[in-house]
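Secondary and tertiary structure notes
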Amino acid sequence: MKIIKAKDYNEMSRKAANIISAQIIMKPDSVLGLATGSSPIGTYNELIDSYQKGDISFELVKSVNLDEYKGLGGDHKQSYRYFMENTLFSKIDIQKENTYLPNGLAENDEEECARYDDVIAQMGGIDLQLLGIGHNGHIAFNEPSDVFPDGTHCVKLTESTITANSRLFDEGEVVPTYAFTMGIKAIMQAKKIVLIASGTDKAAIVKEAFFGPITPKVPASILQMHPDCIVVADEAALALINE
Ligand code: F6R
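Attention now goes to the sheet that holds strand β7 (residues 153-156). Across the sheet, 3 strands lie side by side as β4-β8-β7; this open sheet has antiparallel pairing. A single partner strand is all that each edge strand has here, and the edge strands are β4 (67-69) and β7. Mean inter-strand twist for the sheet, computed between neighbouring axes without regard to direction, equals 25 degrees. Pairing geometry for β7 and strand β8 (residues 178-181), over 4 bridges, is antiparallel. If you follow V155 over to β8, its bridge partner there is A179.

Below, the structure is given as structure tokens:
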């Protein structure tokens, strides 16, 4: 595991975007595993900038997102499909039919999870997976548990995750309590992983996940076992790591 230190959120975003740009330049038909949330917005803006400058093209890229809220359709403003369309997809030349997320409105959870694992398998797996990290150590919505979940599954979100996510919902809006999430297997099978972390509120979990024992109680800790995992974190997120 390689740790790259950045001064702040903007520098973290530039460094992460540079790694993703290099991936696309080296393999224009890359399969990118993408995340939502606050952490990747700056990275996506940098990638949009590189696209607009003509440095990279997403024409042949395929994307597969980590997760989607159960019960929300793609036109719901809080759905992750909506987030991806607005934050990234509509601003680059990626083909919409090459962008995949779990279907939050799927009627049968098991079938939807199997379908999504199949989508990832048909693509030949993920070339580069971008990840954020939850305050409880979750990656995607693989929450702390007694085992590392394997394939795509429908998960009951923990109170800490629901509280963290509620900041993005309007007052009175119901925050979903279940989500479809990619499992640890597809993430760990990605050829390259880039995890981004920014801010003092991530400092404790960054220390626990990447400098503590590997345990399903801290799902991100398994990334210590990945042969090509890069953590790009700013000074605030690395504040508890001794030089
Ligand atoms: C999002 C996802 C989550 C987030 C994590 C951090 O697709 O899978 O694991 O990466 O909750 O969220 P932020 O970046 O908002 O702190």
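This part covers the pattern of salt bridges. Should their charged atoms come close, side chains of opposite charge can pair. Considering all chains together, one arrives at 11 salt bridges under this definition. K7 is the salt-bridge partner of D8, the closest N and O atoms lying 3.5 Å from each other. Salt bridges sharing partners connect three or more residues here, namely K27, D127 and K191.

The next thing to look at is the pairing of strand β3 (residues 62-65). Pairing between strand β2 (residues 31-34) and β3: 4 bridges, direction parallel. Directly across from G33, in β3, lies its bridge partner V64. Taken together, β2, helix α2 (residues 41-52) and β3 form a β-α-β motif whose crossover is right-handed. Bridge analysis of β3 against strand β5 (residues 99-100) gives 2 bridges, and the strand direction is parallel. Paired with S63 across the strands is T99, a residue of β5.

Strands sit in the order β1-β10-β9-β6-β2-β3-β5 across an open sheet of 7 strands; the sheet is parallel. In the strand order of this sheet, the two ends are held by β1 (2-6) and β5, each with one partner. The pairing of strand β9 (residues 192-197) with strand β10 (residues 229-234) spans 5 bridges and is classified as parallel. Looking at β10, one finds that I196 is bridged to V232.

About the thresholds
- Within every chain, residues take consecutive numbers counted from 1 along the sequence as written.
- Predicted model: local features are reported for residues with pLDDT of at least 70 only, side-chain atom pairs are reported and counted for 80 or more only, and whole-chain, interface and lining totals are derived from all residues.
- The side-chain numbers reported here are obtained from all heavy atoms of the structure, hydrogens and water having been left aside.
- Between any two strands, pairing holds if DSSP finds at least two bridges.
- Helix and strand labels come from DSSP, where a helix needs a run of H or I of at least four residues and a strand needs a run of E of at least two; each type is numbered from the N terminus.
- Every angle, taken between N-to-C directions, lies between 0 and 180 degrees, and every axis is a line fitted to C-alpha atoms, over only the stretch in contact when it is a helix.
- What counts as a salt bridge is simple: a side-chain nitrogen of Lys or Arg found within 4 Å of a carboxyl oxygen of Asp or Glu.
- When the strands point away from the viewer, a crossover counts as right-handed if the path from the first strand over the helix to the second runs clockwise.

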